[in-house]
Amino acid sequence: MLRKNLLLIGFYLLFQSLWAQDITFKRVNSPIEIDGVIDDAWSKADSAYNWMQYFPFDSSLAVNQSVAKVLFDDKNIYVLGILYSTNKDREYVTPSLRRDFRGAANDNFTVIFDTFQDRTNAFTFGINPFGVRREGLVANGGTGESSFSLDWDNVWRGEAKQYEGYWVAEMAIPLNTLRFNEGQTEWNINFYRIDSESAERSSWAPISRNFTLFNLAALKIAKWEEPTKKSGKNLSFIPYISANSGRNFETNTEANHRFNAGFDIKYGLTPGLNLDLTVNPDFSQVEVDQQVTNLDRFEIFFPERRQFFLENADLFSNYGNRGTRPFFSRRIGVSRDESTGQNIESAIPFGARISGKANDNLRVGILSMQVAEDQSASLPSYNYSMVSLQQKVFARSNISAFLVNKQTFQSPEEYSDSLYNAWDRTFGVDYNLASADNRITGKFFYHRNINQVAVDSAFAAGIEMQYSVPQWSLDMRSQVVGANYAPEVGFVRRTDIRQLAMTYRRSFFPSQGEIQRHGPGFDFDMVGNDTYGFLDWDVNLLYDIFWKSSARFSLRLRRQYTYLFNGFDPSGTDGLPLPANSEYTNNLLIARYESDERKKISFNLSTRSGEYFNGTRINLEGSVQWRYQPLGFTSIDFAFNRIRLPRPYNDSNLFLIGPRFDFTFSKKMFWTTFVQYNSQIDNVNINSRLQWRFAPVSDIFLVYTDNYLAEMNPDGFIEFGPSKSRAIVFKMTYWLNL
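Everything numeric here is computed off the predicted structure, so don't read it as measured data.

> Would you mind showing me how to read the pairing of strand 4 (residues 66-72) here?
Each regular strand displays side chains that alternate between the two surfaces of the sheet. Burial within strand 4 is extensive, with seven of its seven residues counted as buried. Side-chain alternation along strand 4 places Ser 66, Ala 68, Val 70 and Phe 72 on one buried face and Val 67, Lys 69 and Leu 71 on a second face that is also buried. In the sheet, strand 1 (residues 23-27) pairs with strand 4 via two bridges, with the strands oriented parallel. Within strand 4, the residue paired with Lys 26 across the bridge is Leu 71. Where strand 4 hands over to strand 5 (residues 76-84), the hairpin turn is made up of three residues, counted between the paired strands.

The following block contains the structure:
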């Protein structure tokens, strides 16, 4: 009995020591050479050791252990990672040599800095064994996959080198890349690793496997040997030039040639508050949105990718929920011509944005963008502005308030005020809840929209609550959106609705075998209003399986109800619509399988098949990828929908296929070409992009795009028709730290 008690006490002291271990930033007197070679300077650095496994289990030390070290000087933070492997002759996995890689199958070492110790927002810097880098931002405490973004870019150095039985990662991160306060003696920090050979994921600070690997609730303390100081002037100048030539053959107009130039400025007003200025920004797409087969009755959401809007983006974009956003930055400079139903893109002469930490507990966001008038559409010049304040409360929660304003200062006589509002404003409050241990998260919000036409029911309100432990999770959501809630700078899929939804999942963790976890679940979603009663509802039985290889499978057996209050053609062919005020109850199967991405050839398949309105639908979508590392990959995305409806409604066979070729000749030269055939719009889009990163975060792009009329013949081959439009674009950006 005494021996058993001593063993229990020993295990308790071991785990206490793992949790209590901290690390210290120690000063180094001369810059460290970043080459993947461990210099003598690292011998004085503190070490982060005894890493814990996160996947497939979270209750033991990692099999492939790692060590991380940190140092600093007046200009940089230095990070060293030593990543060991039990197999000395192993092969590492990378999708290509392109920056900003992502995926649970790709080897990498990542550091997370929570500089303000709010466990809500953080910076991440990562590198893989081939020296490919990535940097990103974590928002909302890292509570879900969407809270981690790799779209943010900045200047830093990193190299990696492979050795027998381990690889070394070395980073130099400029202090003026980060936002922090002077005089700080502690930051929050974590390191994590993904190891492709064993599909093991591990971290220095232990993380429960029901949370994300970048969850900020679990961070440890990093002490500073000296209080933090300003690293000097924090000023970046980012000019660009672009030229493009294009022609629309459908309208038979002459070729259009344009030259453009402008610049962005990033300036640190304080160590925590940043000013972004843009003059004549070029928001043209050098990477187009992926096409989809649209069988939805509502607008499809495409995320923001423009660099100007990305730092502290959550301050502006995370109000409400994904389907009810009062502010959506892709609306800026885009208006709808109600006489034609087409979107109008207007030039943006200038814009400014202030964002960041005003003090330890208050974040501030102020944005103003001026959009030029479009005389051809009788569209006035508009100013788009937003003010956002976020006050931290309790351990990791916050109260946020905002005001969005779209307004023209031109006289109504100068444009058609019957088509466009002179001003439109939306304001509201969100309470974002996150417990200290991250088991409970949620949101409460109330927003209101007003303009010069006073109307009732111009509001949105909602509540979300999530509770998660390894064995089970519960997610409940409810919202009310008024009939006249229509923020012109927002994204609102549906109005005049009341919605209630809930998802429950149970997880089992086998101690043996190849399955990491599996379990059933139950889900429902109900949408209605006072006029029609139920508009939609669905009830689902779920089952999920996750393998230790990182493969996964999910299944839904669904029964759903749909009420059409407007006519709708479910065939997606602009045929005879089903009548308004008709209702349909259907049974269908939804399933998805994702294979082991560590393999040279990987794939995912999904289906949404069964009864469909008054007919049937067979759906198959997926992607197949062949990786020829480290040079790149070739993939094919596809979607097929076979829709059969009774006469006189249209049947349809809708195809979407998109082969993609991604070559990375080096860590600086990339070439991507993809073709997208969409039978729904009888279009083939060809896009070929050459990118040369000639300096840190500085690029030259050459992009060719072509759109052809196309259709599939009875033999299953695509026949090309005449070109619809063609364009070639040259763009150069240069990031200069002053």
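> Can you help me understand the pairing of strand 37 (residues 632-644) in this one?
Relative to strand 37, strand 36 (residues 615-628) is paired through 13 bridges, and the arrangement is antiparallel. The residue of strand 37 that forms the bridge with Gln 625 is Ser 635. Taking the residues that link successive antiparallel strands as the turn, the strand 36-strand 37 hairpin has three residues. Judged from the 12 bridges that link them, strand 37 and strand 38 (residues 652-664) form a sheet pairing that is antiparallel. Following the sheet pairing, Asn 641 is matched in strand 38 by Leu 654.

> Would you explain the nonpolar core in this entry?
Inside soluble globular proteins, nonpolar side chains tend to come together where they are buried. Of all hydrophobic cores here, the largest spans 34 residues; its most connected members are Phe 25, Val 79, Phe 109, Phe 113, Phe 125, Ile 189 and Phe 191. For this core, the secondary-structure elements that each account for two or more residues are strand 1, strand 4, strand 5, strand 6 (108-114), strand 7 (122-127), strand 11 (166-174), strand 12 (186-195) and strand 14 (220-224). A total of four residues in this core trace back to one element, the largest contributor, which is strand 11. Discounting chain neighbours no more than four positions away, the residues touching Phe 25 are Val 70, Leu 71, Phe 72, Ile 77, Phe 113, Trp 187, Ile 189, Ala 222, Lys 223, Trp 224 and Glu 225. Of all hydrophobic cores here, the second largest spans 19 residues; its members include Phe 327, Ile 348, Leu 379 and Val 404.

> Any chance you could explain unusual backbone geometry here in plain terms?
Note on backbone geometry: most residues besides glycine have negative phi, and most peptide bonds are trans. Cis geometry marks the peptide bond from Phe 55 to Pro 56; its omega dihedral reads 10°. With an omega of 15°, the peptide bond running from Arg 647 to Pro 648 counts as cis. Its location among the elements puts Pro 648 in the loop between strand 37 and strand 38. Positive phi outside glycine occurs at Asn 438, with the angle close to 70°. Looking at the secondary structure, you find Asn 438 in the loop between strand 25 (423-434) and strand 26 (440-451). Positive phi, normally seen in glycine, also occurs at Ser 550, with a value near 90°. Locating Ser 550 in the fold gives a position in the loop between strand 32 (533-547) and strand 33 (552-564). Residue classification places Ser 550 among the buried residues on the basis of a relative accessible area of 14%.

> Can you walk me through the packing of aromatic side chains in this structure?
Given two aromatic rings, one states the distance between the centres and the angle between the planes to describe the pair. A full pass over the atoms with the stated rule returns 43 aromatic pairs. Judged by centre distance (6.2 Å) and plane angle (10°), the ring pair of Phe 109 and Phe 191 falls under stacked. Here Phe 109 is found in strand 6, whereas its partner Phe 191 is found in strand 12, with 82 residues between them in sequence. Relative to Phe 613, the ring of Phe 568 has its centre 5.6 Å away and its plane inclined at 50°; by these criteria the two rings are tilted. With a gap of 45 residues between them, Phe 568 in the loop between strand 33 and strand 34 (582-594) and Phe 613 in the loop between strand 35 (601-612) and strand 36 connect regions that are remote in the sequence. Per residue, the accessibility class of Phe 568 equals that of Phe 613, and both read buried. Within the aromatic cluster, the residues linked to one another by ring pairs are Phe 25, Phe 72, Phe 113, Phe 123, Phe 125, Trp 152, Trp 156, Phe 180, Trp 187 and Trp 224. Sitting above the plane of the Trp 204 ring, Lys 220 keeps its charged end 4.5 Å from the centroid. Positioned above the aromatic ring of Trp 423 is the side chain of Arg 425, whose terminal nitrogen or guanidinium carbon lies 4.2 Å from the ring centre.

The rules behind the values
Residues numbered from 1 in each chain as written. Predicted model: local features only at pLDDT ≥ 70, side-chain atom pairs only at ≥ 80, totals over all residues. Heavy atoms only, no water. Buried < 20%, exposed > 50% of the residue type's maximum accessible area, 1.4 Å probe, protein only. Helix = DSSP H or I, 4+ residues; strand = E, 2+ residues; numbered from the N terminus. Pairing = 2+ DSSP bridges. Core = buried A, V, L, I, M, F, W, Y, C linked by side-chain atoms within 4.5 Å. Contact = heavy atoms within 4.5 Å. Phe/Tyr/Trp six-rings, centres within 6.5 Å; stacked < 30°, edge-to-face > 60°. Lys NZ or Arg CZ within 6 Å of the ring centre and 35° of its normal.

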